[in-house]
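Coordinates in review
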Amino acid sequence: MKVTVVDGCISCGLCTEEYPDLFTMNEDGIAEAVGQVPPGKEGDVRQAVEDCPVSVIKIE
């Protein structure tokens, strides 16, 4: 499973606060995903997708 953040992030920080092992903020204040999801974190990714207020977290 791979996770990405597409264009449209509003820099709310929800994903980085709730799931710091899956998301970080880049130097522009935009969320970035770790890419390949670590084993056992699949449920966290699905929850992050649901929690994102602008629906820019995508699972591949």
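Refer to the structure above for everything that follows.
The paragraphs below set out a description of the structure included in this document. Residue positions are given per chain, counting from 1 as you read along its sequence in written order. Local features are withheld for residues below a pLDDT of 70 in this predicted model, meaning they are given only at 70 or higher, and side-chain atom pairs are given and counted only at 80 or more; totals for whole chains, interfaces and linings count all residues. The basis for the side-chain values is all heavy atoms of the structure; hydrogens and waters are excluded.

1. Quick word on the nonpolar core
Counted only if it meets this: Each nonpolar core is a collection of buried residues, namely Ala, Val, Leu, Ile, Met, Phe, Trp, Tyr and Cys, held together in the definition by side-chain atoms within 4.5 Å. Here the term buried applies to any residue with accessible area under 20% of the maximum for its type, exposed to any over 50%, and partly exposed to those in between, with areas from a 1.4 Å probe on protein chains only. Throughout, a contact is declared for two residues whenever any of their heavy atoms are within 4.5 Å.
Grouped together as the largest cluster of nonpolar side chains are 13 residues, with contacts concentrated most on Val3, Leu22, Phe23 and Ile57. Not counting chain neighbours up to four residues away, the residues in contact with Leu22 comprise Glu32, Ala33, Val34, Val37, Pro38, Lys41, Asp44 and Val45.

2. Quick notes on the pairing of strand β1 (residues 2-5)
In plain terms, the rule: Between any two strands, at least two bridges found by DSSP are needed for them to pair. Put simply, DSSP marks the helices as runs of H or I at least four residues long and the strands as runs of E at least two long, and each gets a number from the N terminus on.
Pairing of β1 with strand β4 (residues 35-36), which is carried by two bridges, proceeds in the antiparallel orientation. Bridging across to β4, Lys2 finds its partner in Gln36. Sheet analysis places β1 next to strand β5 (residues 57-59), joined by three bridges and oriented antiparallel. When the bridges of β5 are listed, Val3 appears paired with Ile59.

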